[in-house]
Amino acid sequence: GAVVSQHPSWVICKSGTSVKIECRSLDFQATTMFWYRQFPKQSLMLMATSNEGSKATYEQGVEKDKFLINHASLTLSTLTVTSAHPEDSSFYICSGLAGVTYEQYFGPGTRLTVT
Amino acid sequence: KNEVEQSPQNLTAQEGEFITINCSYSVGISALHWLQQHPGGGIVSLFMLSSGKKKHGRLIATINIQEKHSSLHITASHPRDSAVYICAVRSEETSGSRLTFGEGTQLTVNP
């Protein structure tokens, strides 16, 4: 199947700093990318949907100024957690939508710990 | 009531057993996904179904659109199959191909 990578796989940062997470589709063009967060023992929660070259659409309750999403190309989307707080500690997962098949391919996730 | 419900929530089996995980949904869908999440978090897409049945190795997924029900079967289960299995649906009514996820089924296969 198609491959989506995320970088970094884990990151520890201090409160108040910003962290950028990259999501790349390695062997397909992702016209749409989704960003999820997952708390322990819970299912994935959609944060935002981004389409290449346009502004992301955020889910209700997700602060767009705190979670900045950029989808600059068909193979790269980034999520920046600004002014991170301990409650932002979570597992962040991206997925790319293959335009032709509508199959979603998930990245391996990034574990963020804010101290 | 969740739009997507899975059963059982937890399942423990002995190596070699045949395993079935069920998923019921309450909305019209355009596709249903079965995902696997191993400890450590990475998610693998196992199947995307809109009708009928698909098979990949020891895994079989079926869907009955009329009954709004899907099953994931694992034949000759192995400890490496231990993971969380997640059912997710793409609703006909929702734009943008977003998925609605079930709560997941934690499968443990003992040697």
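This structure is a prediction, so every number in the text was calculated from the model and none was measured. Residue positions within a chain follow its written sequence, with the count starting from 1. Naming scheme: in the order in which they are written, chains are lettered from A and ligands are numbered from 1. Note on the predicted model: pLDDT of at least 70 is required for a residue's local features to be given, and 80 or more for side-chain atom pairs to be given and counted; whole-chain, interface and lining totals, by contrast, use all residues. Calculated side-chain values reflect all of the structure's heavy atoms, with hydrogen atoms and water omitted.

Novice: Explain the sheet that holds strand β1 (residues 4–7) of chain A to me, and be specific about the residues and the numbers.
Specialist: Residues and elements named next belong to chain A. Spatial strand order, β1-β3-β8-β7: 4 strands in an open sheet with antiparallel pairing. A single partner strand is all that each edge strand has here, and the edge strands are β1 and β7 (67–73). Across the sheet, the axes of successive neighbouring strands diverge by a mean angle of 15°, strand direction being ignored. Strand pairing is assigned whenever DSSP identifies at least 2 bridges connecting the two strands. The way it works is that DSSP assigns letters per residue, a run of H or I at least four long becomes a helix, a run of E at least two long becomes a strand, and they are numbered from the N terminus. Convention adopted: a line fitted to C-alpha atoms gives each axis, helices being fitted over their contacting stretch, and angles between N-to-C directions are expressed from 0 to 180 degrees.

Novice: Kindly report on the packing of aromatic side chains, identifying the contributing residues and their values.
Specialist: The aromatic pairing rule takes the rings of Phe, Tyr and Trp, using the six-membered ring of Trp, and pairs them if the centres are within 6.5 Å, calling planes under 30 degrees apart stacked, those over 60 edge-to-face and the rest tilted. One pass over the structure, following the stated rule, counts 5 aromatic pairs over all chains. Arranged with centres 5.4 Å apart and planes meeting at 85°, the rings of Tyr36 of chain A and Phe101 of chain B form a pair that is edge-to-face. Residue Tyr36 of chain A is found in strand β4 (residues 30–38), and its partner Phe101 of chain B is found in strand β10 (residues 99–101); the two belong to separate chains. Under the relative-accessibility criterion, Tyr36 of chain A is labelled buried at 1%. Ring centres of Phe67 of chain A and Tyr92 of chain A lie 6.4 Å apart, and the angle between their planes is 40°; this geometry places the pair in the tilted category. Throughout this description, buried means an accessible area under 20% of the type-specific maximum (1.4 Å probe, protein chains only), exposed means over 50%, and partly exposed covers the range between.

Novice: Can you break down the interface of chain A and chain B residue by residue, with the values?
Specialist: Every residue pair with non-hydrogen atoms within 4.5 Å of one another is taken to be in contact. Across the boundary between the two partners, chain A contributes 18 residues, which contact 18 residues of chain B. Buried surface area refers to the total accessible area, computed with a probe of radius 1.4 Å, that the two partners give up upon joining, counted for both partners together. Summed over the three residues of chain A that lose the most area to chain B, namely Ser43, Glu103 and Phe106 of chain A, the buried surface amounts to 32% of that side. Salt bridge, as used here, is a side-chain nitrogen of Lys or Arg placed within 4 Å of a carboxyl oxygen of Asp or Glu. Taken together, the links from chain A to chain B amount to 1 salt bridge. Glu59 of chain A is paired through a salt bridge with Arg98 of chain B; the nearest N and O atoms lie 2.8 Å apart. Counting of polar contacts relies on pairs of N or O atoms within 3.5 Å, with two restrictions inside protein: one atom must be capable of donating a hydrogen and the other of accepting it, and residues adjacent in sequence are counted only when both atoms are side-chain atoms. Counting across the chain A and chain B interface gives 4 residue pairs in polar contact (both at pLDDT 80 or more). Elements supplying a minimum of two residues to the side of chain A that touches chain B: β4, β9 (90–98) and β10 (104–106) of chain A. Among the residues making up the side of chain A that touches chain B, the classes are represented as 10 nonpolar, 5 polar and 3 charged. Nonpolar residues are Ala, Val, Leu, Ile, Met, Phe, Trp, Tyr, Cys and Pro. Charged residues are Asp, Glu, Lys and Arg, and all others, Gly as well, are polar.

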